[in-house]
Amino acid sequence: MKKKWIVTLSLLLLTVTGAIAGPPASPPTGEVDSATRLEVIDTLIAKLNAHYVFPDKAQQAGVVLRQHQREGKYDGITDGKQLAKQLLDDIEGVVHDKHMAVYVSTRPVPPDDAMPPPPQTRAEWEKQVPPAALEKILASNLGVEKADHLSPNIGYLQISSFGPVFLVSDKFAAVMNELADTDGLIIDLRNNGGGGGDSVALLISYLVDERTRLNDTWERTTGITTQYWTQDKLDGKRYGGKKPVLILAGPNTKSAAESFAYQMQALKRATVIGERTWGGANASRPYRLSEYFAAFIPSRRSISPITLTNWEGTGVIPDVAAKVDDALAAAKDLMQRQLNGGAPPAATGH
């Protein structure tokens with residue numbers, strides 16, 4: 001189930017950014033022959049060594065794959081799904097990375113250099129996305145599920161994904177305007193599958209008083225480190241850095257949603273309530289392995305300037321432990337006590 005989620009989410013995000021059109025698909029008809037197996041394995045090893053964020057782990061995984069290949073472990077595999085699963089299982093014996101995936105498609109996979117860069121504006125995005133997908137996405141709530149007042153002074157914001165910043169900026173402005181009059185805010189990320197770092201930075205911008213460095217990402221292929229900072233100019237009302245913020249999280253809090261919780265916790269700007277999150281911090285992109293095979297290989301690593309690490313493999317550890325289904329009730333109780341002076345207003349941090 002975990003593998004299916006990775007592939008489904010990744011392909012959805014790629015559809016949104018225009019890199020690959022179409023949903024995740026079944027393997028091509030016909031058997032996988034020895035030539036295809038050889039091409040897929042050789043290319044996978046090469047791409048791991050060239051792009052995986054930890055070169056030593058990539059080499060170790062390559063050694064394991066090559067050893068299994070010599071032993072004939074893959075020779076009897078003729079089904080594309082089975083080959084992809086076995087290769088990923090063998091990689092995961094060495095590399096425990098939640099954003100790693102190997103998959104097959106009914107459509108030919110484009111060469112790596114044929115995939116356009118992610119769009120930076122809505123106009124660029126609209127040119128890349130298929131019309132049917134465009135209409136469906138624009139008609140959706142873009143991941144902003146609910147903004148409400150749990151009581152006159154407690155705000156509630158439920159977000160299921162962090163869409164491209166040029167799509168969600170208006171949504172964030174609207175909900176923050178609606179919640180600006182509250183004295184405390186509960187942000188529900190319990191079922192948030194992730195998204196974009198720029199959107200994470202934008203939402204955090206509403207919750208601080210001044211320009212703040214949030215997170216860095218290091219790209220293995222280029223060696224470039226990119227810093228993420230909050231924005232000075234916002235379209236909606238700034239909530240500010242003084243009023244208490246509680247974040248609901250759990251195993252279905254993934255990727256960019258974990259980044260939001262981790263950064264807010266590291267800044268001691270929020271208290272995280274619930275269960276340990278999914279544990280995927282290294283961003284991946286697709287690489288072609290053969291005509292119908294591709295791999296998502298994490299090539300970027302998140303690095304907090306505060307903790308000097310990230311949440312890969314460990315997840316975000318809550319400040320207040322609670323069962324996922326009980327997290328909202330626990331947060332409401334804690335928020336009332338904070339607002340009434342009966343509980344500390346800030347997270348302890350990790």
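See the structure printed just above.
Calculation criteria
Residues numbered from 1 in each chain as written. Predicted model: local features only at pLDDT ≥ 70, side-chain atom pairs only at ≥ 80, totals over all residues. Heavy atoms only, no water. Helix = DSSP H or I, 4+ residues; strand = E, 2+ residues; numbered from the N terminus. Buried < 20%, exposed > 50% of the residue type's maximum accessible area, 1.4 Å probe, protein only. Contact = heavy atoms within 4.5 Å. Axes fitted to C-alpha atoms, helices over the stretch in contact; angles between N-to-C directions. Left-handed = near helix turned anticlockwise from the far one by under 90°. Nonpolar A, V, L, I, M, F, W, Y, C, P; charged D, E, K, R; others polar. Expected span 1.5 Å × (residues − 1). Polar contact = N/O pair within 3.5 Å; in protein donor to acceptor, adjacent residues only side chain to side chain. Salt bridge = Lys/Arg side-chain N within 4 Å of Asp/Glu carboxyl O. Phe/Tyr/Trp six-rings, centres within 6.5 Å; stacked < 30°, edge-to-face > 60°. Lys NZ or Arg CZ within 6 Å of the ring centre and 35° of its normal. Pairing = 2+ DSSP bridges. Core = buried A, V, L, I, M, F, W, Y, C linked by side-chain atoms within 4.5 Å. Patch = residues over 30% accessible without salt bridge, like charges linked within 9 Å, V, L, I, M, F, W, Y side chains within 5 Å. Areas by Shrake-Rupley, 256 points an atom, 1.4 Å probe, with all protein chains shown as cover. Lys, Arg positive; Asp, Glu negative; His and termini not counted. Charge placed at Lys NZ, Arg CZ, Asp CG, Glu CD.

**A look at the overall build of the protein chain**
Alright, step 1. In terms of regular secondary structure, the protein chain is built from ten helices and eleven strands.
Alright, step 2. Expressed as a percentage of the 350 residues in the protein chain, the buried residues total 50%.
Alright, step 3. By sequence separation, contacts in the protein chain at least 24 residues apart represent 77% of the contacts at least 6 residues apart.

**Notes on the packing of helix α2 (residues 34-51) against helix α4 (residues 80-92)**
Alright, step 1. It is the contact of α2 with α4, at a shortest axis distance of 12 Å, that shows an interaxial angle of 35°. Along this stretch, α2 crosses α4, giving a crossing that reads as right-handed. For the pair α2 and α4, the contacting residues are Arg37, Val40, Ile41, Leu44 and Leu48 in the first and Leu83, Leu87 and Ile91 in the second.
Alright, step 2. Considering only residue class, the contact of α2 with α4 consists of seven nonpolar, no polar and one charged.

**Description of α4**
Alright, step 1. With 13 residues, α4 should reach 18 Å at 1.5 Å per residue; the first-to-last C-alpha distance of 18 Å fits that figure.
Alright, step 2. Considered for burial, the residues of α4 that qualify are Gly80, Leu83, Ala84, Leu87, Leu88, Asp90, Ile91 and Glu92.
Alright, step 3. For α4, the capping residue at the N-terminal end is Asp79, with a side-chain oxygen 3.1 Å from the backbone nitrogen of Lys81.

**Focus on helix α9 (residues 256-266)**
Alright, step 1. In terms of burial, α9 is a largely internal element, eleven of the eleven residues being buried.
Alright, step 2. Those residues of α9 not exposed but buried are Ala256, Ala257, Glu258, Ser259, Phe260, Ala261, Tyr262, Gln263, Met264, Gln265 and Ala266.
Alright, step 3. Residues of α9 that are buried sit in contact with β4 (184-188), α8 (197-205), β5 (213-219), β7 (245-249) and β8 (271-274).
Alright, step 4. Positive backbone phi, approximately 60°, marks Lys268, located one or two places after α9.

**With respect to unusual backbone geometry**
Alright, step 1. In the Ramachandran plot, Leu142 falls in the positive-phi region, its phi being about 55° despite a non-glycine side chain.
Alright, step 2. By secondary structure assignment, the location of Leu142 is in the loop between α6 (131-138) and β2 (144-151).
Alright, step 3. For Leu142, a relative accessible area of 14% puts it in the buried group.
Alright, step 4. One non-glycine residue, Ser255, lies in positive phi territory at about 55°.
Alright, step 5. By relative accessible area, Ser255 is classed as buried at 16%.

**Some points on the pattern of salt bridges**
Alright, step 1. Per the stated rule, a full pass over the model turns up ten salt bridges.
Alright, step 2. We note a salt bridge from Asp89 to Lys85, for which the minimum N-O separation is 2.8 Å. Residue Asp89 and its partner Lys85 are located together in helix α4, separated by four residues, close to a single helical turn.
Alright, step 3. The closest approach of N and O atoms between Glu126 and Arg122, which form a salt bridge, is 2.9 Å. Residue Glu126 and its partner Arg122 are located together in helix α5 (residues 122-128), separated by four residues, close to a single helical turn.

**Structural notes on the side chain of Ser302**
Alright, step 1. Within the secondary structure, Ser302 is located in strand β10 (residues 293-303).
Alright, step 2. At 3.3 Å, the side chain of Ser302 and the backbone oxygen of Ala281 are in polar contact.
Alright, step 3. With residues near it in sequence (within four places) discarded, Ser302 still touches Asn215, Asp216, Thr217, Ala281, Asn282, Thr309, Asn310 and Trp311.

**Side note on the packing of aromatic side chains**
For any two aromatic rings, the description comes down to two numbers: the centre-to-centre distance and the angle of the planes.
Alright, step 1. Counted by the stated rule, this structure contains six aromatic pairs.
Alright, step 2. Between Trp125 and Phe166, the aromatic rings sit 6.4 Å apart at their centres with planes inclined by 50°, giving tilted as the arrangement. Placement of Trp125 in helix α5 and of Phe166 in helix α7 (residues 165-179) is noted, with a sequence separation of 41 residues between them.
Alright, step 3. When the ring of Phe162 is compared with that of Phe172, the centres are 6.4 Å apart and the planes differ by 75°; the resulting orientation is edge-to-face. Linking Phe162 in the loop between β3 (154-159) and α7 with Phe172 in helix α7, this pair joins segments that are ten residues apart in sequence. There is no split in this pair, since Phe162 and Phe172 are both buried.
Alright, step 4. Taken together, the ring pairs in this structure connect Phe162, Phe172 and Phe260 into an aromatic cluster.
Alright, step 5. Just above the ring of Trp229 sits the side chain of Arg211; from NZ or CZ to the centre is 4.2 Å.

**Digging into the sheet that holds β8**
Alright, step 1. Taken in spatial order, the six strands make up an open sheet running β2-β3-β4-β7-β8-β11, and their pairing is mixed. Only two strands of the sheet have a single partner each, and these edge strands are β2 and β11 (320-321).
Alright, step 2. Where β8 meets β11, two bridges bridge the pair, whose relative direction is parallel. Opposite Ile273, over in β11, you have Val320 as the bridge partner.
Alright, step 3. Relative to β7, α9 is tilted by about 145°, and along the sheet it contacts β4, β7 and β8.

**Considerations on the nonpolar core**
Alright, step 1. Counting 47 residues, the largest nonpolar core has Leu157, Leu207 and Phe260 as its most contacted members.
Alright, step 2. For this core, the elements supplying multiple residues, two or more each, are α6, β2, β3, α7, β4, α8, β7 and α9.
Alright, step 3. Ranked by residue count, the leading element in this core is α7, at eight residues.
Alright, step 4. Every residue in contact with Leu207, bar those within four places of it in the chain, is listed here: Met176, Leu185, Ile187, Tyr239, Gly240, Gly241, Val245, Phe260, Met264 and Arg269.
Alright, step 5. Counting 28 residues, the second-largest nonpolar core is a separate cluster that includes Tyr52, Leu65, Leu83 and Val104.

**A closer look at a negative patch on the surface**
Alright, step 1. On the surface, a cluster of negative charge is made up of Asp148, Glu178, Asp181 and Asp183.
Alright, step 2. By the element assignment, Glu178 lies in helix α7.

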